[in-house]
Amino acid sequence: MKEKQSPAGVFLDNLLKAACESEPGSIEEIRQDLHDHRIDPEAELAAFQQLLKTHAPTWQERAEMERREAVRKLAEPSPPKDRAAIIEGIKQLVAGMQALGSSVPAGAFHRNFESAEQQDLESLFQDLSHQLQQLKSGTKRQDG
Amino acid sequence: MPDSPERAARLLRGPDGKRIYLQLLRIAAWIAWRYGWRRDEKGETLLPFGATPESIVHTVIEKVLEGQRTWQGDGEASFIIAAIGMIRSETSHIFEKPEAKVVEPIIQAERTDGSDDERDFASNDPSPEAQLLEQERETLDRTRYDLLLTEIQDDEELSDVVIALHDTHSPAEIAERTGIDIKRVYQDIRTLKRKAAAIRLPLVARAAKERQS
């Protein structure tokens, strides 16, 4: 770690390197060492499983994620084709979100719809639809 | 040969994956400990930038699985060796960042107009403040070392391993020099590491202070 070190520093560095090069010992020993460093092995193993699911999913996990994404998209209404109908739909979604007590993003209120591109309006419609779905799901869970 | 992320995923999802992960976590805790990391009784960490050994290992594994870091070879042993190198690298980046290390000289810190004078163009030698911190760290190392020696002084085998560790970090060399079976050397090293880590920083600091007074 440093170019000039005291003998104690050299010893401690060598102890660390030797520990890394040694056989790990039993799993119980590893767990105890982690506890000694105030690390919860069970919590970390749960995080590890999530890490694998996210960055190295099995084909079953990937299929399940894709299925959930497809269901989510199906549940969301497609934006209307007519520009006026999209704007009206956005206003209704905003009203729906406000009725559920949500603060609606400022852009949805103050956007100048007349100058917005069709694509932007459709994107905003889908975003707000998704948020409203989320709010409704949350409300259902609270009602039990 | 499958690519690096695929090999890593296969290994980590295998029957030894959990043990490998916990082992890397332990090593990360050791490395961070040597840099001065501690977790206090409240569970709060004292690492720069909010990092923890857990987050360091998490970052390494994520980078390997995403192909941002690669490893050669196949099998657990080569993976662990590669991962240890990556953990050291990640930890070093955190602790060696100027923001984590530098003690800004007072005379610079108090200046608010961004002006320079001849004192800003000094040599590359560490500032007096940095030298003081380095001396304190060495004092803590020496005190921890002395406390450890006191604890194991009646254990001949551990004492022999300690002597060997002054010159080498290779367990095989230690076994050869001391005549101790390599399996026992591994166990002794882990025991020494555990004892060293168990000597908590407040005790070390108190002992260092007593010696100075």
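Scroll up a little and you will see the structure.
Here is what the cut-offs are and how they apply
Residues numbered from 1 in each chain as written. Chains lettered and ligands numbered in written order. Predicted model: local features only at pLDDT ≥ 70, side-chain atom pairs only at ≥ 80, totals over all residues. Heavy atoms only, no water. Helix = DSSP H or I, 4+ residues; strand = E, 2+ residues; numbered from the N terminus. Buried < 20%, exposed > 50% of the residue type's maximum accessible area, 1.4 Å probe, protein only. Contact = heavy atoms within 4.5 Å. Areas by Shrake-Rupley, 256 points an atom, 1.4 Å probe, with all protein chains shown as cover. Patch = residues over 30% accessible without salt bridge, like charges linked within 9 Å, V, L, I, M, F, W, Y side chains within 5 Å. Salt bridge = Lys/Arg side-chain N within 4 Å of Asp/Glu carboxyl O. Lys, Arg positive; Asp, Glu negative; His and termini not counted. Charge placed at Lys NZ, Arg CZ, Asp CG, Glu CD. Axes fitted to C-alpha atoms, helices over the stretch in contact; angles between N-to-C directions. Parallel < 35°, antiparallel > 145°, perpendicular 65-115°, else oblique. Nonpolar A, V, L, I, M, F, W, Y, C, P; charged D, E, K, R; others polar. Left-handed = near helix turned anticlockwise from the far one by under 90°. Core = buried A, V, L, I, M, F, W, Y, C linked by side-chain atoms within 4.5 Å. Expected span 1.5 Å × (residues − 1). Arc of directions from axis to C-beta. Polar contact = N/O pair within 3.5 Å; in protein donor to acceptor, adjacent residues only side chain to side chain. Phe/Tyr/Trp six-rings, centres within 6.5 Å; stacked < 30°, edge-to-face > 60°. Lys NZ or Arg CZ within 6 Å of the ring centre and 35° of its normal.

Caption draft 1: Structural view of the overall build of chain A. Scanning chain A from terminus to terminus reveals seven helices and zero strands. Moving toward the C terminus, one meets the helices and strands of chain A in the order α-α-α-α-α-α-α. Considering chain A as a whole, with its 144 residues, one finds that 34% of them fall into the buried category. If you take every contact in chain A between residues at least 6 apart in sequence, the share linking residues at least 24 apart comes to 64%. With an accessible surface of roughly 8900 Å², chain A has 50% of that area assigned to carbon and sulfur atoms.

Caption draft 2: A look at the overall build of chain B. When its secondary structure is counted, chain B shows eleven helices and zero strands. In sequence order, the secondary structure elements of chain B are arranged as α-α-α-α-α-α-α-α-α-α-α. The buried share of chain B, reckoned over its 213 residues, is 39%. Expressed as a percentage of contacts within chain B between residues at least 6 apart in sequence, the contacts between residues at least 24 apart total 65%. When the accessible surface of chain B is totalled, it reaches about 11900 Å², and 50% of it is carbon and sulfur.

Caption draft 3: Main features of a negative patch on the surface. All names here are of chain B. On the surface, a cluster of negative charge is made up of Asp154, Asp155, Glu156 and Asp160. With respect to the secondary-structure elements, Asp155 resides in the loop between helix H7 (128-152) and helix H8 (156-165). The exposure class of Asp155 is partly exposed, given its relative accessible area of 33%.

Caption draft 4: Structural detail: the packing of helix H1 (residues 4-12) of chain B against helix H3 (residues 53-65) of chain B. All names here are of chain B. For the pair H1 and H3, interaxial distance at closest approach is 7 Å and the crossing angle is 125 degrees. Compared by their axis directions, H1 and H3 come out oblique. Residue-level contacts link Ser4, Pro5, Ala8, Ala9 and Leu12 of H1 to Ile61, Val64 and Leu65 of H3. Residue classes in the contact of H1 with H3 are distributed as seven nonpolar, one polar and no charged.

Caption draft 5: Quick peek at the packing of H3(B) against helix H4 (residues 76-95) of chain B. Residues and elements named next belong to chain B. At a minimum axis distance of 9 Å, the contact between H3 and H4 shows a crossing angle of 125 degrees. Judged on the interaxial angle alone, H4 and H3 are oblique. For H3 against H4, the interelement crossing comes out right-handed. On H4, the residues that touch Ile56, Val57, Thr59, Val60, Ile61, Lys63 and Val64 of H3 are Phe79, Ala83, Met86, Ile87, Glu90, Thr91 and Ile94. Here the contact of H3 with H4 is built from residues that sort into ten nonpolar, two polar and two charged.

Caption draft 6: The nonpolar core, seen in detail. Core analysis: the largest hydrophobic core is formed by 68 residues, its most contacted members being Leu24(B), Ile61(B) and Phe79(B). Here the element with the most residues in this core is helix H2 (residues 17-34) of chain B; it accounts for twelve residues. Discounting chain neighbours no more than four positions away, the residues touching Leu24(B) are Val57(B), Ile61(B), Phe79(B), Ile80(B), Ala83(B) and Ile87(B). Core analysis: the next-biggest nonpolar cluster, separate from the first, contains twelve residues, Ile90(A), Val94(A), Leu121(A) and Leu124(A) among them.

Caption draft 7: Structural context of helix H3 (residues 41-55) of chain A. Helix length check: H3(A) (15 residues) gives 21 Å between terminal C-alpha atoms against 21 Å at 1.5 Å per residue, within 8%. Buried within H3(A) we find Pro41(A), Glu44(A), Leu45(A), Phe48(A), Leu51(A), Leu52(A) and His55(A). One face of H3(A) carries all of its buried residues, which in axial projection span an arc of 110 degrees. Its buried side turned inward, H3(A) meets helix H2 (27-36) of chain A together with H1, H2 and H3 of chain B. Its side-chain oxygen at 3.0 Å from the backbone nitrogen of Glu42(A), Asp40(A) defines the N-terminal cap of H3(A).

Caption draft 8: Representation of the side chain of Arg26(B) in the model. Its location among the elements puts Arg26(B) in helix H2. Excluding its chain neighbours within four sequence positions, the residues that come into contact with Arg26(B) are Pro24(A), Glu29(A), Ile30(A), Asp33(A), Leu34(A) and Arg190(B).

Caption draft 9: Looking closely at the packing of aromatic side chains. All names here are of chain B. By the definition in use, this model includes three aromatic pairs over all chains. Centroid distance Trp71 to Phe79: 5.1 Å. Interplanar angle 75 degrees. Geometry classified as edge-to-face. For the pair formed by Trp71 and Phe79, the shared burial category is buried. Between the NZ or CZ atom of Arg7 and the centre of the ring of Trp71, over which it lies, the distance is 4.8 Å. Against the face of Trp33 rests Lys193, its NZ or CZ located 4.1 Å from the ring centre.

That is the geometry; function is a separate question.
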